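Structure assessment
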4 protein chains.
Amino acid sequence: MPSRRYILTLSCPDRVGIVAAVSGFLAEHKGWIVEAHHHADPEAQRFFMRQEVLTDSLPFGMDEFRRRFSAIAAKFGMDWRLSDTGVLKRVVIMVGKQTHCLDDLLYRWRSGEMPFELKAVISNHEDSREFVEFHRVRFEHVAMEAGQREEGLGKIAVLLEKHAPDVIVLARFMQILPARICAKYPYRILNIHHSFLPSFVGAKPYHQAYARGVKFVGATCHYVTAQLDDGPIIEQDAFRTNHAHSIEELMRIGRDIEKTVLARGLRYHLEDRVLMNGSKTVVFA
Amino acid sequence: MPSRRYILTLSCPDRVGIVAAVSGFLAEHKGWIVEAHHHADPEAQRFFMRQEVLTDSLPFGMDEFRRRFSAIAAKFGMDWRLSDTGVLKRVVIMVGKQTHCLDDLLYRWRSGEMPFELKAVISNHEDSREFVEFHRVRFEHVAMEAGQREEGLGKIAVLLEKHAPDVIVLARFMQILPARICAKYPYRILNIHHSFLPSFVGAKPYHQAYARGVKFVGATCHYVTAQLDDGPIIEQDAFRTNHAHSIEELMRIGRDIEKTVLARGLRYHLEDRVLMNGSKTVVFA
Amino acid sequence: MPSRRYILTLSCPDRVGIVAAVSGFLAEHKGWIVEAHHHADPEAQRFFMRQEVLTDSLPFGMDEFRRRFSAIAAKFGMDWRLSDTGVLKRVVIMVGKQTHCLDDLLYRWRSGEMPFELKAVISNHEDSREFVEFHRVRFEHVAMEAGQREEGLGKIAVLLEKHAPDVIVLARFMQILPARICAKYPYRILNIHHSFLPSFVGAKPYHQAYARGVKFVGATCHYVTAQLDDGPIIEQDAFRTNHAHSIEELMRIGRDIEKTVLARGLRYHLEDRVLMNGSKTVVFA
Amino acid sequence: MPSRRYILTLSCPDRVGIVAAVSGFLAEHKGWIVEAHHHADPEAQRFFMRQEVLTDSLPFGMDEFRRRFSAIAAKFGMDWRLSDTGVLKRVVIMVGKQTHCLDDLLYRWRSGEMPFELKAVISNHEDSREFVEFHRVRFEHVAMEAGQREEGLGKIAVLLEKHAPDVIVLARFMQILPARICAKYPYRILNIHHSFLPSFVGAKPYHQAYARGVKFVGATCHYVTAQLDDGPIIEQDAFRTNHAHSIEELMRIGRDIEKTVLARGLRYHLEDRVLMNGSKTVVFA
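Residues numbered from 1 in each chain as written. Chains lettered and ligands numbered in written order. Predicted model: local features only at pLDDT ≥ 70, side-chain atom pairs only at ≥ 80, totals over all residues. Heavy atoms only, no water.

Some points on the overall build of chain A
Put simply, the rule reads: Numbered from the N terminus, helices here are DSSP runs of H or I no shorter than four residues, and strands are runs of E no shorter than two. With the radius of gyration taken over C-alpha atoms, the globule rule is written as 2.2 Å times the number of residues to the power 0.38. Working definition: with a 1.4 Å probe on protein chains only, accessible area under 20% of the residue-type maximum means buried, over 50% means exposed, and in between means partly exposed. Here a residue-residue contact requires only that any non-hydrogen atoms of the pair lie within 4.5 Å. In this description, accessible areas are obtained by the Shrake-Rupley approach with a 1.4 Å probe, and a residue is regarded as covered only by the protein chains that are shown. For the charge count, each Lys or Arg is scored as positive and each Asp or Glu as negative, with His and the chain ends excluded. To locate a charge, the coordinates of NZ of Lys, CZ of Arg, CG of Asp or CD of Glu are taken.
Within chain A, the regular secondary structure consists of eight helices and 13 strands. Whereas a compact globule of 285 residues would reach a radius of gyration of roughly 19 Å, chain A reaches 21 Å, a difference of no more than 12%. Dimensions along the principal axes, computed over C-alpha positions, put chain A at roughly 60 × 40 × 35 Å. When the 285 residues of chain A are sorted by exposure, 60% land in the buried category. Relative to all contacts within chain A whose residues are 6 or more apart in sequence, the contacts with residues 24 or more apart total 66%. Summed over all atoms, the accessible surface of chain A reaches about 11300 Å², with 53% contributed by carbon and sulfur. Positive and negative charge centroids in chain A, built from 38 and 35 side chains respectively, lie 1 Å apart.

Have a look at this one:
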């Protein structure tokens, strides 16, 4: 078991003295830093930072940390957040007929590799009910067939309201979420798209890739925004292909890439490693 | 020194008996096959083959091989070609201000790693003249500045006519060839595009990739067609990037990928490993 | 569902006429070849071939195929094998305390991605019983603690005898099989070793890799022979690491590589894509 | 042209307050940090840091920087170094008959991609003289044939003494340097070994890899110590291979990996990105 830590993430206009102020504050209170990352974006003239500090090394808790730090934050105009690795994030997974990403995340969750609180799995197919319920996890079926889509989306909105997730994972959900839901969970909905974005936006990307004759095929984990497949990219990967691969083989090999790319993206998010820089991400991996 | 070989490449509608007919023909004449590749495309219902046969193992030369094989080719409706590794292909390299791909190809050529007959290097910049001429290779400068472009393109057409290349390599030439030149050398003009096509077509792909915040950046070697960056893809590769890479660093790392992708694509072409399947390539690597 | 196929694999001393004989035989009987691979090893002067033929295209079944083909096989001195994709291979998986490879294979099996007949899971730990039995698969616990090892190995030998597996998969079993068991299933026991062999043979390879400070860490799927971690390599892969990765992180990232490397190796084996060439493999992937 | 920078690298026993002290010092003098890296090794209980500071942002030069910083360094028991990107490092390249790494480094040097002061190229073969001298770089031939080896090594020692290199690059030199030379330039001699160390130490690694039947082949850039191929690893990479690759093809593909691995390792070294942690490196890439 790794020790409990506070994770401080922040961004602010770049100037002299930010690191000195933050590390001075931590040092003053004997905060033991286990991991630290900085990034200065010279174009945006913005500075980004993530600090992992042993909870036990500090003489105070979250509230006092927040109270004391807010003076520094105000001085530098910081967007900042403090989280506690001892408090698991609440997750809802949404899935369609293809369950490889769901099954992969369930393995990582039940084995303890990836700690989070799994509130529910929502699907428009019954296929994964038995497997999800084996894990003693709530399975919610929402019909999304033609004629039921509007009602289904309403039901999803209610379920999300109820489970109040910190993160929503679209693990090959294959339904487009309406703008009103996207807007409600900014940078808190993760999607896995089965192409190397911005190549092959939209439907059937493996078919598109096959038709174009590309020599690598990839997958992309990104935040969902109202514009399809256009959200900030968190993680990508790709595999070499050639003329001998059929579309079915691209799909088979692609599943392995989708699983690992989504799992990496989700881990970065759960561990507060992803900071926003305009429409791009800073990922302190 | 590898032994001299005949390379037979062909494609035809798929049916029973193609391999039997071709390998029967070769076996009958004691042809020693050193390398063989097949591909059947079930969608296009087309069959592709490449055979490398030791020249010395056959009792006849190219002309007789062609004469005898044409009966089989006619029976199966083959598109086919026979080449001789003992006859070097004629190459013209065209280059702009950035010379990393040119310099890399010159290394492979002078070291004997990649055997071809280098007829000329054409450039709209004088920068690489000294280095090219050190290799005792003809350097042709063609002015392409504003107002000189049309004249320059005419001069290029004449130079190509004169050097009669089997292959034209656009090694970061950065000028768009007119349709009339593209049409004259079908599947014989190779370009290196510094993005992972179909992502980031056109100008300044590294800037586009930086702006989109992708996590991998790539390069593509493709045949040039009249439509920009849309020709059949021969080879691609990519490298992992992150928020910390500036555009300059993407360019620096990208150069290494561009060099190897172009060199691999050119090698495949020179060794007759690339067959056309509609707008896609079959690469028997 | 892909169509049923016969898979013919063979190796023999290299000479003129092998392909002609085999493809002539298939063509004569209207055999429709869906996939074909050849390899000639000029050092060993040995030839290797794999042919996938549509069962329905042939006028006879396995026995008649075997009977008729044996004349050709005898003429060329072939080691050969004919298998039928309609007959699933019998698999026994053996696993220790770490279940990531087991869980991954169970996903591929239950989803139909990787078709085989799963006879039993054998483990010296009870941890995975519930998950295995959820799949309605037989779980066999064999105690292997100090003092029980000899008895345990005896019980394993009996279980293997009973389940008569075509393939035994050591999915992080962490116990060394005795030579008598290894010898009984030549090239039929697959192991996943969590290092990039031949680096870091034996115990705790991630610790060894960490101590040496390598910049890539890998995994190897190989056939088990009597000599530890020295059997023929079927498949490998690796991931980039750096000074910031702790041993625990190497283990975490390594699990993903182990899973895919073992799954790929097993798929190659199940699909008869692995041929032996002395102590090396020819993998027609 | 990137702006001139001071690079501060240090390591010391880990404790609270190091970052605060260093960043406080820099902030106090208005030092503008362009890039910063930290690493805490919990096993060695040691802390590592690299800071890149704009020279122009500081009110003093190197000497004054050193004088003022030495108080902090003493307090924390730091091993530390300050360098100036405006002062190019002195490099001597040593090469054997194979010149791909030399030619690659010469490209990077003459194009300005990799700035350093190239004092001389030393070789026991005349082959690369013409190409080196084209670059107006001093070429020193040292005979190393049987009977001349001792004398040759003496001559090399004298040449190194004369050129006083900051870094010596063994770019496929293929001769073992005696312990007395290794000891004189600790962590200042870089070698490229054409295998994925610790696999295939010593002579003919591609032959060893071919014989073992591995599925990836790699290259390693490491510091030279008295023990063959056992020095601290700076950078590695690898490429996928299979049964179809001959030893000659492994060598050909390997050259591209060797070039990029050595170039990356050398760049890390020239930019003071490599810190020593016992027998391992911390590379702030």
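Thoughts on the relation of the copies chain B and chain A
Put simply, the rule is: Superposition of the copies was done by least squares, using only C-alpha atoms of residues whose pLDDT is at least 70 in both.
Under the fitted operation, chain B is carried onto chain A by 0.0 Å of movement along the axis and a turn of 180 degrees, and the coordinates agree to an RMSD of 0.0 Å. Expressed as an axis order, the relation between the two copies is that of a two-fold axis. Taking C-alpha positions as reference, the residue of chain B nearest the rotation axis is B:Ser199, located at 2.5 Å. A share of 97% of the interface residues of chain B reappears at the interface of chain A, consistent with the copies meeting face to face through the same patch.

Some details on the relation of the copies chain C and chain A
By a simple turn and slide, chain C fits onto chain A: the slide is 0.0 Å along the axis, the RMSD is 0.0 Å, and the turn is 180 degrees. By residue overlap, the copies meet face to face through one surface: 100% of the interface positions of chain C are interface positions in chain A.

Considering the sheet that holds strand 3 (residues 46-54) of chain D
Residues and elements named next belong to chain D. Heads up, the condition is: Strands are labelled as partners when DSSP assigns at least two bridges between them. The axes are straight lines fitted to the C-alpha atoms, using for helices just the contacting stretch, and the angles between their N-to-C directions are given from 0 to 180°.
Here we have four strands laid out as an open sheet, ordered 2-3-1-4, and antiparallel in their pairing. Looking along the sheet, the strands with just one partner apiece sit at the ends: strand 2 (33-41) and strand 4 (79-84). With strand direction ignored, the average angle separating the axes of adjacent strands in the sheet is 5 degrees. Relative to strand 3, strand 1 (residues 5-13) is paired through nine bridges, and the arrangement is antiparallel. Residue pairing for strand 3: Pro13 is matched across the bridge by Arg46. On top of the sheet, helix 1 (residues 18-28) reaches strand 1, strand 2 and strand 3; it is set at about 15 degrees to strand 3, its chief contact.

Some points on the environment of C:Leu266
Residue and element names in this part refer to chain C. Relative to the helices and strands, Leu266 is located in helix 8 (residues 247-270). A relative accessible area of 0% means that Leu266 is categorised as buried. The spatial distance from the C-alpha of Leu266 to the C-alpha of Val169 is 8.0 Å, given a sequence separation of 97 residues. When residues no more than four places from it in sequence are discounted, the contact partners of Leu266 are Leu105, Met114, Phe116, Val167, Val169 and Leu190.

Thoughts on the domain arrangement of chain A
All names here are of chain A. Put simply, the rule reads: As used throughout, domain bounds are those supplied by an automatic or database domain assignment. By buried area we mean how much accessible surface two parts lose on assembly, using a 1.4 Å probe and totalling the loss over both. The working definition used for a salt bridge is a side-chain nitrogen of Lys or Arg within 4 Å of a carboxyl oxygen of Asp or Glu. Two N or O atoms form a polar contact when they lie within 3.5 Å of each other; inside protein one atom must be a possible hydrogen donor and the other a possible acceptor, and for residues adjacent in sequence the pair counts only when both atoms belong to side chains.
Domain boundaries in chain A define domain 1 (5-84) and domain 2 (90-283). One C-alpha centre belongs to domain 1, the other to domain 2; they are set 31 Å apart. With 14 residues of domain 1 at the contact, the number on the domain 2 side is eight residues. Across the domain 1/domain 2 interface, buried area totals approximately 800 Å², and carbon plus sulfur atoms make up 48% of it. By the criterion of area lost to domain 2, the three top residues of domain 1 are Phe48, Arg50 and Arg81, representing 48% of everything that side buries. Applying the counting criterion to the domain 1 and domain 2 interface returns three salt bridges. For the salt bridge of Glu35 with Arg273, the shortest nitrogen-to-oxygen distance reads 2.8 Å. If you look at where domain 1 meets domain 2, you find five residue pairs in polar contact (both at pLDDT 80 or more). For the side of domain 1 that touches domain 2, the secondary-structure elements that each account for two or more residues are strand 1 (5-13), strand 2 (33-41), strand 3 (46-54) and strand 4 (79-84).

Quick notes on the interface of chain B and chain A
Taken residue by residue, the interface counts 35 residues in chain B and 34 residues in chain A. Of the roughly 2900 Å² buried between chain B and chain A on both sides combined, carbon and sulfur atoms contribute 50%. Counting the surface chain B buries against chain A, the share from its top three residues, B:Arg212, B:Lys215 and B:His243, is 25%. Our count for the contact surface shared by chain B and chain A stands at four salt bridges. The tally of links from chain B across to chain A stands at 19 residue pairs in polar contact (both at pLDDT 80 or more). Broken down by secondary-structure element, the contributors of at least two residues to the side of chain B that touches chain A are strand 2 (33-41), helix 7 (205-212), strand 11 (233-240), helix 8 (247-270) and strand 13 (280-283) of chain B.

What to know about the packing of aromatic side chains
In plain terms, the rule: What counts as a ring pair is set by centres within 6.5 Å for rings of Phe, Tyr and Trp (its six-membered ring), and what kind of pair is set by the plane angle: stacked under 30 degrees, edge-to-face over 60, tilted for all other angles.
Inspection of the entire model under this criterion finds 46 aromatic pairs over all chains. With a centroid separation of 5.7 Å and 50 degrees between ring planes, the pair formed by A:Phe134 and C:Phe131 is classed as tilted. Placement of the pair is A:Phe134 in helix 4 (residues 129-134) and C:Phe131 in helix 4 (residues 129-134), with the two residues belonging to separate chains. For the pair shown, A:Phe134 and C:Phe131 are each scored as buried.

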